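Fold and contact review
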Amino acid sequence: MNQWKTQVTYSRRYSLIFYSVPVLVLLAMISQEPLLFSIAILFVLFIAVNKYYLSYTAKKIAVSDEENVQVLKLFPGDDGAVKIPFENRGRLPVFNSELNLVIYDLEEAVTVKNIERLNSEQANYTAPFSIPSRIRRPFSVELTAKKRGVVQVRSLKIIVRDLLNLNKMTLEYKGRYRGEAIVYPAPLPIPGLEKVSNQQKGNQHAAFSMYEDVMLTRGNRDYISSDPFNRINWKASARKDNLQTKVYEKVTLSKWTFVINVRHPDPHRVTIENLEEVLSQAAYACQVASKQNIAFEMYINIRVPGETSGLNLSPGQGMEHLTRALEILARIRRLEFTIPSGHMLYRLVNQPEKPQLILHFGKYGEEEKKEYEKLTRLGSKMVLVAEQSSEQETTGNARRADSEKIAN
């Protein structure tokens, strides 16, 4: 499969040489001058060699199919590089060429360090390009993460010049390469969050719990008079010649539900002003839950095609689940389309398994209060994570009366 769309641009000097060939041949025939005929042949060879070099190069430069997906994951302040896996499959080297690319960075999340920006108002970058014959040489786009966001490397173009730098061929990439840098939100600590817990009977092992899993036997111990009769292990009792009681594994189930309201109360605006702060708080909560081996799910009221309740991350735990959650937070844009938070909370209220512990991030008002009161009556616990904005300070007392609050 051809990865490139090609376009050749001829210089004036090359055109002059090309059109001078028939003139030289005609003059040589008229004057019977061998020197003119030799010059004409030399020009023909020059044209043929240059055309062959450009055509051959276009067929042999490639982006490796084995590494055509490059995803770099960073936190603000980290350095890294997105690599474009170029390879030269031919016998001729490529030199004196130029790489042009577009770095799509809507949130201005990174600083590009090693390539030059063509225009301060656009995302076009250029860098010298060369690659020896029969070798794979990745080109690294070196980045420094500044803030949360997603950066994509797009529109790859290679400008290859001929041997005498007269003509150039532009190779526009049409393959499947995807280069991306994901900058996670910088976690913003929420004092007291580590102490928040809400445990119910379930299947997560714990050293101390009032619940046990009768399907998982940990061992036996000597029988005491208060032990239930159905817990006696008769086989072990026969072996030890005294009654033995089965000891089961202690289990708990802890699950946190993160509800993130990013909708601005002004209908003429899109997302809340302190979006970065709210997402950083949510990132911190995800890390705390993962560290404590607590399963968590996430609801965000951004518009998702085919969904009326916004974006939902299903319950899970572990490093892979944490990575997925941080990536979702990183991909939210300031100009994201949102839905009313009531649509999101309606799903929580009406799902069969009610949430155990809800942590609410972002804007909180009468609509949210009404829905949370329904969940509280059904046994859920709600914690309102305070914002650090000036508006939060003026409405803080009212919010404290509505729910338990974790202050920053």
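Structure's up top.
This write-up is about the structure you can find in this document. (Residues numbered from 1 in each chain as written. Predicted model: local features only at pLDDT ≥ 70, side-chain atom pairs only at ≥ 80, totals over all residues. Heavy atoms only, no water.)

1. Here's the deal with the nonpolar core
Core analysis: the biggest nonpolar cluster contains 40 residues, and Trp256, Phe258, Ile260, Met298, Ile300 and Phe361 have the highest contact counts within it. For this core, the secondary-structure elements that each account for two or more residues are strand S15 (244-261), helix H4 (275-291), strand S16 (295-300), strand S17 (311-316), helix H5 (319-331), strand S18 (357-362) and strand S19 (381-385). Broken down by element, the residue count for this core peaks at 10 residues, all from H4. Within the second largest apolar cluster, 38 residues are counted, among which are Val63, Leu99, Val112 and Val160. (Core = buried A, V, L, I, M, F, W, Y, C linked by side-chain atoms within 4.5 Å. Buried < 20%, exposed > 50% of the residue type's maximum accessible area, 1.4 Å probe, protein only. Helix = DSSP H or I, 4+ residues; strand = E, 2+ residues; numbered from the N terminus.)

2. Topic: the packing of helix H6 (residues 341-350) against helix H7 (residues 366-377)
H7 packs onto H6 with a crossing angle of 0 degrees between their chain directions and a minimal axis gap of 10 Å. Viewed along their axes, H6 and H7 adopt a mutual orientation that is roughly parallel. Across the interface between the two elements, Ser341, Gly342, Leu345, Leu348 and Val349 from H6 touch Glu367, Glu368, Glu371, Tyr372, Lys374 and Leu375 from H7. (Axes fitted to C-alpha atoms, helices over the stretch in contact; angles between N-to-C directions. Parallel < 35°, antiparallel > 145°, perpendicular 65-115°, else oblique. Contact = heavy atoms within 4.5 Å.)

3. Some thoughts on the packing of aromatic side chains
Applying the stated criterion to the full structure yields nine aromatic pairs. Ring geometry for Phe75 versus Tyr184: centroids 5.2 Å apart, planes at 65 degrees, classification edge-to-face. With a gap of 109 residues between them, Phe75 in the loop between strand S3 (69-74) and strand S4 (79-88) and Tyr184 in the loop between strand S12 (178-183) and strand S13 (199-205) connect regions that are remote in the sequence. Residue Tyr184 is classed as buried on the basis of its relative accessible area, which comes to 6%. Between Phe258 and Phe361, the ring centres sit 5.9 Å apart and the planes meet at 85 degrees, which makes this aromatic pair edge-to-face. Residue Phe258 is found in strand S15, and its partner Phe361 is found in strand S18; the two are separated by 103 residues along the sequence. Through a chain of ring-to-ring contacts, three or more aromatic side chains come together here, namely Trp256, Phe258, Phe296 and Phe361. (Phe/Tyr/Trp six-rings, centres within 6.5 Å; stacked < 30°, edge-to-face > 60°.)

4. A few points about the pattern of salt bridges
Under the defined criterion, the tally for this structure stands at 18 salt bridges. Ionic pairing is found between Glu67 and Arg136, a salt bridge with its closest N-O pair at 3.0 Å. Of this pair, Glu67 sits in the loop between strand S2 (61-63) and S3 while Arg136 is found in strand S9 (residues 135-145), placing the two residues 69 residues apart along the sequence. Residue classification places Glu67 among the partly exposed positions, given a relative accessible area of 31%. (Salt bridge = Lys/Arg side-chain N within 4 Å of Asp/Glu carboxyl O.)

5. What about unusual backbone geometry?
With a phi close to 55 degrees, Gln32 is a non-glycine residue in the positive phi region. Mapped onto the secondary structure, Gln32 falls in the loop between helix H1 (12-31) and helix H2 (34-60). Accessibility expressed as a relative area gives 61% for Gln32, which makes it exposed.

6. Description of the packing of H4 against H5
Direction vectors running N to C along H4 and H5 enclose 180 degrees, while the axes themselves pass 10 Å from each other. Between H4 and H5, the crossing angle belongs to the class labelled roughly antiparallel. Here Leu279, Ala282, Ala283, Cys286, Gln287 and Ser290 of H4 lie close against H5, whose contacting residues are Leu322, Ala325, Leu326 and Leu329.

7. Thoughts on H2
Compared with an ideal rise of 1.5 Å per residue, which puts 27 residues at 39 Å, H2 spans 39 Å between its outermost C-alpha atoms and is within 8% of the ideal. Each element contacted by the buried residues of H2 is listed here: strand S1 (4-9), H1, S2, strand S5 (94-104), strand S10 (149-161) and strand S11 (168-173). (Expected span 1.5 Å × (residues − 1).)

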